[in-house]
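Examination of the molecular architecture
For reference, the chains in residue letters:
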Amino acid sequence: MKSSLFLLSLLVILSYSTNIFSQQKALVNTSKSLYAKLVSVDVDAVQWTGGFWGRWFEVSKDTMAMNMLNLYENDSVCHGFCNFEIAAGHKKGEHAGAPFHDGDFYKTLEAIISVYAQTKSKRLYNELERVIKVIGEAQRDDGYIHTPTIINHRNNPGVTKEFEDRMNFETYNMGHLMTAACLHYRVTDQTNFLDIAKKATGFLVRYHKNASAEQARNAICPSHYMGVVEMYRTTGNNEYLALAKEMIDIRGLIDNGTDHNQDRIPFRQQREAVGHAVRANYLYAGVADLYAETGEDSLMIALASIWSDVVTKKLYITGACGALYDGVSPNGTTYDQPCIQQVHQAYGQAYQLPNISAHNETCANIGNVLWNYRMLLATGDTRYADVLELSLYNSVLSGTDLGGTKFNYTNPLRVDHSLPFEYRWKKEREEYIAWSNCCPPNVVRTVAETHNYAYALTKTGVVVNIYGGNVLKTKIADGSYISLKQETNYPWDGNIKLIFEKAGKKPFDIGLRIPGWVNKEVILTVNGQPVDVEIETGSYATITRKWKKDDVIELILPMEVKLMMANRLVEETHNQIAVKRGPIVYCLESIDMDEMSIFDVIIPSDIQLKPSEIEIAGAKLMALQGSALYNETIDSTTELYQQLKTKSKLHSVNIRLIPYFAWGNRGTSEMTVWIPVRRE
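Let me begin by describing the structure that accompanies this report. These numbers were taken from a predicted model, which means no experiment stands behind them.

The rules we used
- Residues numbered from 1 in each chain as written.
- Predicted model: local features only at pLDDT ≥ 70, side-chain atom pairs only at ≥ 80, totals over all residues.
- Heavy atoms only, no water.
- Helix = DSSP H or I, 4+ residues; strand = E, 2+ residues; numbered from the N terminus.
- Rg over C-alpha atoms; globule rule 2.2 N^0.38 Å.
- Buried < 20%, exposed > 50% of the residue type's maximum accessible area, 1.4 Å probe, protein only.
- Contact = heavy atoms within 4.5 Å.
- Areas by Shrake-Rupley, 256 points an atom, 1.4 Å probe, with all protein chains shown as cover.
- 1 Å grid on protein atoms, 1.4 Å probe; cavity = no way out; pocket = protein on both sides within 12 Å on 5 of 7 lines; lining within 4 Å.
- Points joined across faces, edges and corners; volume = space filled by probe spheres on them.
- Nonpolar A, V, L, I, M, F, W, Y, C, P; charged D, E, K, R; others polar.
- Pairing = 2+ DSSP bridges.
- Phe/Tyr/Trp six-rings, centres within 6.5 Å; stacked < 30°, edge-to-face > 60°.
- Axes fitted to C-alpha atoms, helices over the stretch in contact; angles between N-to-C directions.
- Left-handed = near helix turned anticlockwise from the far one by under 90°.
- Parallel < 35°, antiparallel > 145°, perpendicular 65-115°, else oblique.
- Expected span 1.5 Å × (residues − 1).
- Polar contact = N/O pair within 3.5 Å; in protein donor to acceptor, adjacent residues only side chain to side chain.

This part is about the overall build of the protein. Along its length, the protein carries 16 helices and 25 strands. Rg of the C-alpha trace for the protein: 25 Å, near the compact-globule value of 26 Å for 680 residues, within the 12% margin. Once the C-alpha set of the protein is aligned to its principal axes, its extents read approximately 75 × 65 × 50 Å. Counting every position in the protein, which comprises 680 residues, the buried fraction comes to 61%. For the protein, the share of sequence-separated contacts (at least 6 apart) that also reach a separation of at least 24 residues comes to 72%. Just so you have it, the protein exposes about 26300 Å², and 49% of that area is on carbon and sulfur atoms.

Here it is as structure tokens:
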């Protein structure tokens, strides 16, 4: 441990002495990370100004963040804040709710902090001060903070000990405390929340010095891996970085580890995504953070292999992951294990991607965003931005309604009301998901933080990762201050304009991400003139010049409608297609088909789908309209099998497809992403 601390101390000294970036207030602060290729801009550097993400910011600012805080403070709905009040001695009572309520409350605070960073609202600041004071009073003197244990110990002294049940989610809760506290400090320059997080992190440092391997593996949904690394980045305390490394080192070093918790074998030996998808994606995100600080090749080798396994075999077309409600891992046999291991809410086998029973927990999809963002920062490889964008637009936004007050736990790709049973989780969004409300505050904080993903800095300039109407004001590596205004209706069209409102005196790079979904000629001009730069799909088109005020970059990404097929090994999608346009995945919803069944629609392979603007729940969206076929001969009998009718009665029918994330916003409905295809 001492030699590890010495080496990590050298990394700290080296990183601080070679740092050329001034950014200290980023959501994920890689400004001093020696092995990160990209540096996040500060949390207040980007403002959405309109368009797609501008609307979502308004929903976040006006509704989502405070609505979630109000829910957590409403004792008749949720005991989230009341648990802290009881733990602090302000109220009497018992703990109520899930053991991970603390962490979900911290996510809500992170959303409030993110909105405050953009608005500087005095009301939000006062709300934060009030709540943080109570959290601090609930914390034990030794730094431990977990309201179920603290309350139970107060009411029943000596009965409850910390970490006696790994399903108490103690470290998960502390991890979300750490990330929220780091952001709060960076946004407000106040240390009251950070001091609480320091005490909690210090508790974990001391605990791990004396804990057995069995105790130390208490890492359900390990948000604390990201949290501990972010605490290191915030404080420079190399004990925190050593702790992060140790927590990865001890995984898989016990006899009863599981695929479900990704600790059956040591992390560095893992090559496939297995087990609970939220736990997995949080783990991978945390390891990517650790790699950015240490540059350990074995970590990146494992991460790259696992990532490839996900995107080539286990990722839904919507960017969602975690196909299984329940199952076995790794492959349903006792091969290489003494017994079959049960998993739930988990990655399945390769190509196991059901549609009706797709679990696709919203938290797992957000974990996918967190992981890919950190991989992007570490490597500068735009493949990770492609997956981030796919997940963000489709399987993350599907986790909330368009008004930001109702939420999905699961995100299926097909909803059929004819099923003679109900799934464990509802297929309609709810205001509060009893017992497991982890997803709503997670999607609320993610929407509040989308602007952080738009740009990043390099040693030679700026790259654009997510397009949307915004203004960027930042200092770049050469010390120059720049201001860029972006105008676009993306993702509804691919016309993007960047206007320099302020530029430095030295030449620098602007890198424009050319998404992997582009397969036609891209147009790129500066001040109306074509530029001679390499333009390749799935990379940055980089323009280097001495920029001046009012320079205009125009990028046109062709947005054709695509009929997508799945690998033939995806059994559930044989002879079916899904529709994509740009980064948006589309679906067919029953409310647009009058009395006809959406499951009897057939898409001709030569269908011409035309974009048309529609409005759903006050949001302007781009639908796709065209002429398909309708099969009237499909028998609605309840028999399990029946003889095929040789003659079919097909007739044309006009259909309208809507963005997948918008389904379920017009009342109860059926929905499908995958639709049978007829090859012409």
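Attention shifts here to empty space enclosed by the protein. With the rule as written, the count across this model stands at four cavities of 30 Å³ or more. Each pocket or cavity is described by its volume, and for the largest cavity that value is around 190 Å³. Along the wall of the largest cavity there are 19 residues; nearest its centre are Leu-27, Glu-110, Thr-179, Arg-374 and Arg-445. The element that contributes the greatest number of residues to the lining of the largest cavity is helix α7 (residues 170-188), accounting for six residues. Per-class residue counts for the lining of the largest cavity are eight nonpolar, five polar and six charged.

Taken together, seven strands build an open sheet; the order of strands is β2-β9-β10-β11-β16-β13-β14 and the sheet is antiparallel. Looking at the sheet topology across the chains shown, the edges are occupied by β2 (46-48) and β14 (529-530). Sheet topology note: the strand β10 (residues 481-488)/strand β11 (residues 495-502) ladder contains six bridges and is antiparallel. Note that in β11 the partner of Leu-484 across the bridge is Phe-500.

Either a parallel or an antiparallel arrangement is found when strands of a sheet pair, and the pairing is made through backbone hydrogen bonds. Taken together, the five strands give an open sheet; going across it, the order is β1-β7-β8-β12-β15, and neighbouring strands pair in mixed fashion. The sheet terminates laterally at β1 (39-40) and β15 (539-545), the two strands that pair on one side only. Pairing between strand β8 (residues 461-464) and strand β12 (residues 508-514): four bridges, direction parallel. Residue Gly-461 lies in a different strand from β12, and its bridge partner there is Asp-509.

Tallying each qualifying case throughout the model produces 24 aromatic pairs. Both rings, one in Trp-48 and one in Trp-53, keep their centres 6.2 Å apart while their planes meet at 25°; by these two values the pair is stacked. We note that Trp-48, like Trp-53, is buried. Grouping aromatic residues by their ring pairs yields a cluster made of Trp-48, Phe-52, Trp-53, Tyr-393, Tyr-467, Tyr-490, Trp-492 and Phe-661.

This part takes up the environment of Tyr-232. Here Tyr-232 lies in helix α10 (residues 223-235). Tyr-232 gets classed as buried once you look at its relative accessible area, which sits at 5%. Measuring from C-alpha to C-alpha, the distance between Tyr-232 and His-95 comes to 32 Å, with 137 residues separating the pair along the chain.

Close contact between helix α14 (residues 362-379) and helix α16 (residues 439-448) brings their axes to 9 Å; oriented N to C, the two are set at 35°. Along this stretch, α14 crosses α16, giving a crossing that reads as left-handed. When α14 is examined against α16, the residues Thr-362, Cys-363, Ile-366 and Leu-370 are found in contact with a partner set consisting of Cys-439, Asn-442, Val-443, Arg-445 and Thr-446. Of the residues belonging to the contact of α14 with α16, the class tally is five nonpolar, three polar and one charged.

The next subject is the pairing of β12. Counting buried residues along β12, seven of its seven residues qualify, which places the element largely inside the surrounding structure. A two-sided burial pattern is seen for β12, the buried positions comprising Phe-508, Ile-510, Leu-512 and Ile-514 on one face and Asp-509, Gly-511 and Arg-513 on the other. Bridge count for β12 against β15 is seven bridges, and the pairing is antiparallel. Looking across to β15, one finds that Arg-513 is bridged to Tyr-540.

With that settled, the discussion passes to the packing of helix α12 (residues 277-294) against α14. For the pair α12 and α14, interaxial distance at closest approach is 8 Å and the crossing angle is 15°. Our classification of the angle between α12 and α14 gives roughly parallel. Handedness of the crossing formed by α12 with α14: left-handed. Across from Ala-277, Val-278, Asn-281, Tyr-282, Tyr-284, Ala-285, Ala-288, Asp-289 and Tyr-291 in α12, the residues of α14 making contact are Cys-363, Ala-364, Gly-367, Asn-368, Leu-370, Trp-371, Arg-374, Met-375 and Ala-378. Of the residues assigned to the contact of α12 with α14, the class counts are 13 nonpolar, three polar and two charged.

Along an α-helix, residues three or four positions apart point the same way, because every turn accommodates 3.6 residues. Its 17 residues place the ends of helix α5 (residues 122-138) 25 Å apart at the C-alpha level, agreeing with the 24 Å of an ideal helix rising 1.5 Å per residue. Burial in α5 covers these residues: Leu-124, Tyr-125, Glu-127, Leu-128, Val-131, Ile-132, Val-134, Ile-135 and Ala-138. Buried-residue contacts for α5 involve α2 (51-72), α3 (80-87), α4 (101-119), α6 (147-155), α7 and α8 (192-210). Where α5 begins, one side-chain oxygen reaches toward the backbone nitrogen of Arg-123, 3.3 Å away; that side chain belongs to Ser-121.

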